[in-house]
Amino acid sequence: DGEAVGRRLASDGEAVGRRLASDGEAVGRQAGGHDELTAYDATRLGAMLVAGDVSAEQVTRAHLDRIAAHDSDIHAFLTVLGDEAIAQAREVDRRRAAGEVVGRLAGIPVAVKDVLCTRGLPTTCGSRILEEHRPPYDATVVARLRAADAIVLGKTNLDEFAMGSSTENSAYGVTRNPWDLGRVPGGSSGGSSAAVAAHFAPLAIGTDTGGSIRQPAALCGVVGMKPTYGRVSRYGLIAFASSLDQAGPFGRTVADTAHAYAAIAGHDPMDSTSIPEPVGDVLTGLDGGVEGLHVGVVTETLDDVEPGVAGRVREGAELLGKLGAEIVEVSLPHARYGIAAYYLIAPSEASSNLARYDGVRYGLRADGDTTEQMMAATRSAGFGDEVIRRIMIGTYALSAGYYDAYYVSAQRVRTLIIADYRQAFARCDVVLSPTSPSTAFEIGAKTDDPLAMYLNDVFTVPASLAGLPALSMPAGVDEAGLPVGVQLVAPLLDEPVLFTVAQALETEIGFEPVPSGANSVHPPGRPRANAQTGEQGHR
Ligand code: GLN
């Protein structure tokens with residue numbers, strides 16, 4: 001598949017590749033890097049690699065150089081795998097030169113959220129408790145990336161154990177939004193979304209329990225996709241809330257994101273909740289258009305949304321209508337209880353999952369006179385405030401006497417939300433809504449108010465509770481020039497329709513999300529906008 005797309009683009013890529021070869025060399029000689037190579041998306045790079053115009057090593061070096069030059073501003077990465085990545089790239093180049101079959105992402109750099117196990121390499125979950133942890137195995141997602149010959153560039157920052165919406169809860173410091181270094185990238189996969197937005201990697205992997213791929217994608221102006229629960233293996237994804245956790249891809253285009261999804265999706269016998277059905281083809285029908293499809297617009301939700309966000313959602317619906325989709329109003333009457341249900345279910349599962357960090361088997365150990373004191377000291381020293389808050393809420397919600405009032409009630413709400421979507425999808429193929437009620441907010445703005453932070457997830461948690469596939473894509477900017485994401489949600493296992501609608505909308509919007517504000521890390525070849533004119537990255 002990858003090769004087919006590669007071939008389709010080969011001619012295009014060749015021309016660009018040729019231009020770059022001389023260009024890039026010159027730049028390389030002058031500045032010690034080929035920064036221009038990082039301007040290209042994964043599909044384009046794939047074509048250039050297939051055509052032999054660039055090597056995987058050149059592509060990898062260009063991205064590593066850019067990380068070295070700019071990640072001190074952003075802090076997207078906790079670990080950069082320089083030597084390993086170069087060695088991997090050389091091996092891909094060697095195999096390609098020898099005429100061997102290479103994978104669908106051969107030579108394409110990818111950044112991986114530090115909650116996915118990488119064999120022998122740091123896997124911290126953004127937590128002190130796993131600071132020294134080196135897993136003895138690769139997560140299936142990582143193994144699949146490697147099998148696809150993607151180049152794993154490094155591990156990205158996250159809210160500790162993926163708990164948060166801003167990447168301010170990491171024990172290793174905040175990640176900054178490439179569009180405005182004073183603002184958050186969203187979370188919890190903020191390192192991955194910032195890495196893609198800053199052109200540190202064309203692709204990244206995040207995880208989404210209640211919105212942690214979609215919300216940071218929205219705040220960083222990239223595409224982020226959460227597959228159907230069980231579509232991507234959770235083997236080696238360090239657990240937060242097991243009934244909700246799902247890994248998924250980030251890219252700068254819908255097509256790139258679809259390619260990355262295709263590389264990681266599929267049944268895995270190592271995950272008992274993995275879905276055995278074959279993976280629906282998201283690539284062949286990608287350009288199929290929306291003619292005849294029904295797009296549901298949720299009636300309840302636009303009230304508490306920033307005007308810049310609501311405006312882009314309305315425009316999105318209009319554009320899809322113009323393209324031949326039928327716009328229908330749908331109601332999700334119980335979605336407003338989603339936050340309350342999610343913030344009982346997710347902490348309940350977390351309180352159980354995180355019991356394994358006891359100072360005995362692996363991870364941090366602090367001293368104590370008795371076993372119990374050792375465990376308490378370890379957990380107090382190893383966990384940050386938000387993780388401790390979740391463990392306390394979850395333990396309370398599961399305790400005898402409160403279990404029925406909180407945990408069971410929340411599960412009932414979950415069932416009602418599932419039923420809401422079932423009714424909605426009787427009338428439409430996808431549901432369109434905002435991804436997040438606001439654009440990127442300032443660092444520190446919500447850290448003292450957990451409830452305000454939780455409300456960022458109001459549009460993303462319902463699909464998580466229902467296990468549905470969902471995608472956030474850039475749809476323009478707000479009055480301040482910050483990127484706005486819109487969310488599409490599809491029925492279970494209907495990833496193909498999700499990507500097809502997103503592709504149609506992306507083409508019609510014609511918006512190229514380019515960080516260019518005065519306080520941004522702008523992509524290669526793009527001058528920083530004048531702070532006075534505030535000119536933004538519209539095409
Ligand atoms: N922001 C949500 C939370 O804090 C979602 C996190 C996630 O999806 N991992 O739980």
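Details of the structure are given in the entry above.
Let me begin by describing the structure that accompanies this report. Note that the coordinates shown come from a computational prediction; the quantities given were computed from them, not determined experimentally.

Considerations on the overall build of the protein chain
Here is step 1: Summing up its helical and strand segments, the protein chain has 16 helices and 11 strands in all.
Here is step 2: When the backbone C-alpha atoms are referred to their principal axes, the protein chain occupies close to 70 × 60 × 50 Å.
Here is step 3: Restricting to contacts in the protein chain with at least 6 residues of sequence separation, those with at least 24 account for 75%.
Here is step 4: Positive and negative charge centroids in the protein chain, built from 45 and 67 side chains respectively, lie 3 Å apart.

Structural notes on the site of the ligand
Here is step 1: The full set close to the ligand counts 15 residues, and Thr209, Gly210, Ser212, Tyr342 and Arg390 are the nearest of them.
Here is step 2: Residue Ala162 places a main-chain N or O atom 2.8 Å away from a nitrogen atom belonging to the ligand.
Here is step 3: Between an oxygen atom of the ligand and a side-chain N or O atom of Tyr342, the distance comes to 2.7 Å.
Here is step 4: Coverage of the ligand by the protein amounts to 100% of the 290 Å² it exposes when considered alone.

Let's talk about unusual backbone geometry
Here is step 1: Cis rather than trans, the peptide bond between Gly187 and Ser188 has omega equal to 10°.
Here is step 2: Mapped onto the elements of the fold, Ser188 is located in the loop between β3 (151-156) and α6 (190-197).
Here is step 3: If you check the backbone angles, Phe161 has positive phi at about 50° while not being a glycine.
Here is step 4: Of note, Phe161 is situated in the loop between β3 and α6.
Here is step 5: Phe161 gets classed as buried once you look at its relative accessible area, which sits at 1%.

Description of the pattern of salt bridges
Here is step 1: Across all of its chains, the model carries 19 salt bridges by this definition.
Here is step 2: Arg94 is paired through a salt bridge with Glu100; the nearest N and O atoms lie 3.9 Å apart.
Here is step 3: The partly exposed category is assigned to Arg94, whose relative accessible area is 43%.
Here is step 4: What makes Glu100 partly exposed here is its relative accessible area of 37%.
Here is step 5: Between Glu386 and Arg390 there is a salt bridge whose closest N-O contact spans 2.7 Å. One end of the pair is Glu386 and the other is Arg390, both in helix α12 (residues 385-398) and 4 residues apart, which spans about a single turn. The burial state of Glu386 is the same as that of Arg390; both residues are buried.
Here is step 6: When salt bridges with common partners are traced through the structure, they connect Glu91, Arg94, Arg95, Glu100 and Asp149 into a single cluster.

Comments concerning the environment of Ser516
Here is step 1: Tracing the chain through its elements places Ser516 in the segment after α16 (495-509).
Here is step 2: Residues Ser516 and Val196, spaced 320 residues apart in sequence, show a C-alpha to C-alpha distance of 15 Å.

Details of helix α9 (residues 307-322)
Here is step 1: Its 16 residues place the ends of α9 22 Å apart at the C-alpha level, agreeing with the 22 Å of an ideal helix rising 1.5 Å per residue.
Here is step 2: Listed in full, the buried residues belonging to α9 are Gly308, Val309, Ala310, Gly311, Arg312, Val313, Gly316, Ala317, Leu319 and Leu320.
Here is step 3: Packed against the buried residues of α9 are β7 (294-298), β8 (326-330), β9 (430-434), β10 (470-477), β11 (483-489) and α16.
Here is step 4: Among the residues trailing α9, Gly324 stands out with phi positive, at a value near 110°.

Considerations on the sheet that holds β11
Here is step 1: Taken in spatial order, the 11 strands make up an open sheet running β1-β3-β2-β4-β6-β5-β10-β11-β9-β7-β8, and their pairing is mixed. Pairing within the sheet leaves two strands with one partner each, and these edge strands are β1 (77-80) and β8. On average, each strand axis in the sheet is inclined to that of its neighbour by 30°, with strand direction left out of account.
Here is step 2: Relative to β9, β7 runs parallel, the two sharing 3 bridges. Across the sheet, residue Val295 finds its bridge partner in β9, namely Val430.
Here is step 3: Contacts from helix α5 (residues 140-147) reach β2 (109-113), β3, β4 (203-208) and β6 (246-251), with the element oriented near 175° to β2.

As for the nonpolar core
Here is step 1: Counting 153 residues, the largest nonpolar core has Leu116, Leu145, Phe161, Tyr421 and Phe499 as its most contacted members.
Here is step 2: The element that contributes the greatest number of residues to this core is helix α10 (residues 338-353), accounting for 8 residues.
Here is step 3: Setting aside its immediate chain neighbours within four residues, Tyr421 contacts Leu332, Pro462, Ala463, Ala466, Leu468 and Val489.
Here is step 4: With 5 residues, the next largest nonpolar core counts Val305, Ala310, Phe459 and Val484 among its residues.

Re the packing of helix α8 (residues 254-264) against α16
Here is step 1: Remark: α8 packs on α16, axes separated minimally by 9 Å, with the N-to-C direction vectors making an angle of 160°. In terms of orientation, α8 and α16 fall into the roughly antiparallel class. Crossing handedness for the pair α8 and α16: left-handed. Facing α8, whose interface residues are Val254, Ala255, Thr257, Ala258 and Tyr261, α16 presents Glu495, Phe499, Ala502, Gln503 and Glu506.
Here is step 2: Across the contact of α8 with α16, the residue classes tally to 6 nonpolar, 2 polar and 2 charged.

Regarding the pairing of β3
Here is step 1: A large share of β3 lies buried, amounting to 6 of its 6 residues.
Here is step 2: Where β1 meets β3, 3 bridges bridge the pair, whose relative direction is antiparallel. Pairing of Phe77 across the sheet is with Thr156, part of β3.

Here is what the cut-offs are and how they apply
- Residues numbered from 1 in each chain as written.
- Predicted model: local features only at pLDDT ≥ 70, side-chain atom pairs only at ≥ 80, totals over all residues.
- Heavy atoms only, no water.
- Helix = DSSP H or I, 4+ residues; strand = E, 2+ residues; numbered from the N terminus.
- Contact = heavy atoms within 4.5 Å.
- Lys, Arg positive; Asp, Glu negative; His and termini not counted.
- Charge placed at Lys NZ, Arg CZ, Asp CG, Glu CD.
- Near = heavy atom within 4 Å.
- Polar contact = N/O pair within 3.5 Å; in protein donor to acceptor, adjacent residues only side chain to side chain.
- Areas by Shrake-Rupley, 256 points an atom, 1.4 Å probe, with all protein chains shown as cover.
- Buried < 20%, exposed > 50% of the residue type's maximum accessible area, 1.4 Å probe, protein only.
- Salt bridge = Lys/Arg side-chain N within 4 Å of Asp/Glu carboxyl O.
- Expected span 1.5 Å × (residues − 1).
- Pairing = 2+ DSSP bridges.
- Axes fitted to C-alpha atoms, helices over the stretch in contact; angles between N-to-C directions.
- Core = buried A, V, L, I, M, F, W, Y, C linked by side-chain atoms within 4.5 Å.
- Parallel < 35°, antiparallel > 145°, perpendicular 65-115°, else oblique.
- Left-handed = near helix turned anticlockwise from the far one by under 90°.
- Nonpolar A, V, L, I, M, F, W, Y, C, P; charged D, E, K, R; others polar.

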